[in-house]
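Per-entry structural report
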Amino acid sequence: DDDEARHVGYLVTHIAYMPSGYDRHAQLIDDAPWLYEYIRRNYWSALQNRDLDLFAEFLDLLRQYGCTEDNDLMVRDGSRYFLHYFKALNFTWMPDRDDPEATDYYQIHMPWTAIAALRRRKVEPVVPGSYGYAFRKALERGAAAAGGGNATGSA
């Protein structure tokens, strides 16, 4: 069902935001290959379903994996789509701002995710004392407790 798929999509994006500290550090495919594969596999269906907020989060995450308009067709085409959409909305991410039915959450989240989807990244290095360093150490401890392997627990 579409509603369940949408909720799973948001769960996956929010899981994927944790290792990077929401854009602070590079996202690594090896940390959880299934996350990257899920985003790649469901990218176009989010757009086809007109779920632009979820599509923006997928595009944002591809950027966190180091993908850009220059090295990735999904990022290039998705960015072009968002810029076309922005123009079609008369250069605003908030076309419903005067709609009394539009929630505050929607009014804030859609512009936020759209901008995140379009901006280029400058990631912070993972050094002792950084969020990324602490998260990497936590992944290592988790993998060791699970019997070795990567963050997914596989050897």
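Shown above is the structure to which this text applies.
As a starting point, this report considers the structure included with it. (Residues numbered from 1 in each chain as written. Predicted model: local features only at pLDDT ≥ 70, side-chain atom pairs only at ≥ 80, totals over all residues. Heavy atoms only, no water.)

**Quick look at the overall build of the protein**
In terms of helices and strands, the protein carries 6 helices and 0 strands. Of the regular secondary structure in the protein, the N- to C-terminal order runs α-α-α-α-α-α. Each of the 155 residues in the protein was classed as buried or not, and the buried ones make up 39%. Residue pairs at least 24 apart in sequence account for 64% of intrachain contacts in the protein once pairs closer than 6 positions are excluded. Roughly 9,100 Å² of accessible area belongs to the protein as shown, and the carbon and sulfur atoms make up 57% of that amount. One finds the centroid of the 17 positive side-chain charges in the protein at a distance of 9 Å from the centroid of its 23 negative side-chain charges. (Helix = DSSP H or I, 4+ residues; strand = E, 2+ residues; numbered from the N terminus. Buried < 20%, exposed > 50% of the residue type's maximum accessible area, 1.4 Å probe, protein only. Contact = heavy atoms within 4.5 Å. Areas by Shrake-Rupley, 256 points an atom, 1.4 Å probe, with all protein chains shown as cover. Lys, Arg positive; Asp, Glu negative; His and termini not counted. Charge placed at Lys NZ, Arg CZ, Asp CG, Glu CD.)

**Here's the deal with the layout of surface pockets**
What the largest pocket holds in volume is close to 190 Å³. If you trace the largest pocket, you find it lined by Asp-2, Ala-5, Arg-6, Tyr-38, Asn-42, Ser-45, Ala-46, Asn-49, Asp-51, Leu-54 and Phe-58. Counting only elements with at least two residues in the lining of the largest pocket, the list comes to helix 1 (2-20), helix 2 (33-48) and helix 3 (52-64). Ranked by residue count, the leading element in the lining of the largest pocket is helix 2, at 4 residues. Residues of the lining of the largest pocket, tallied by class, amount to 5 nonpolar, 3 polar and 3 charged. (1 Å grid on protein atoms, 1.4 Å probe; cavity = no way out; pocket = protein on both sides within 12 Å on 5 of 7 lines; lining within 4 Å. Points joined across faces, edges and corners; volume = space filled by probe spheres on them. Nonpolar A, V, L, I, M, F, W, Y, C, P; charged D, E, K, R; others polar.)

**Considering helix 1**
Counted at 1.5 Å a residue, the expected span for helix 1 with its 19 residues is 27 Å, and the 28 Å between its end C-alpha atoms agrees. Taken together, the buried positions of helix 1 are Gly-9, Tyr-10, Val-12, Thr-13, Ala-16, Tyr-17, Pro-19 and Ser-20. Looking at the packing, one finds that the buried side of helix 1 touches helix 2, helix 3 and helix 6 (131-145). A positive backbone phi angle near 65 degrees is found at Gly-21, which sits one or two residues after helix 1. (Expected span 1.5 Å × (residues − 1).)

**Digging into the pattern of salt bridges**
Opposite charge on two side chains lets them pair, provided their charged atoms get close. Per the counting criterion, the structure on display carries 12 salt bridges. In this structure, Glu-140 and Lys-137 form a salt bridge, with 3.4 Å as the shortest nitrogen-oxygen distance. Of this pair, Glu-140 and Lys-137 both sit in helix 6, 3 residues apart, which is roughly one turn of that helix. A relative accessible area of 30% places Lys-137 in the partly exposed class. Shared partners join several salt bridges into a network, and the residues in it are Asp-23, Asp-60, Arg-119 and Arg-121. (Salt bridge = Lys/Arg side-chain N within 4 Å of Asp/Glu carboxyl O.)

Functional significance is not addressed by these values, which are geometric in nature.
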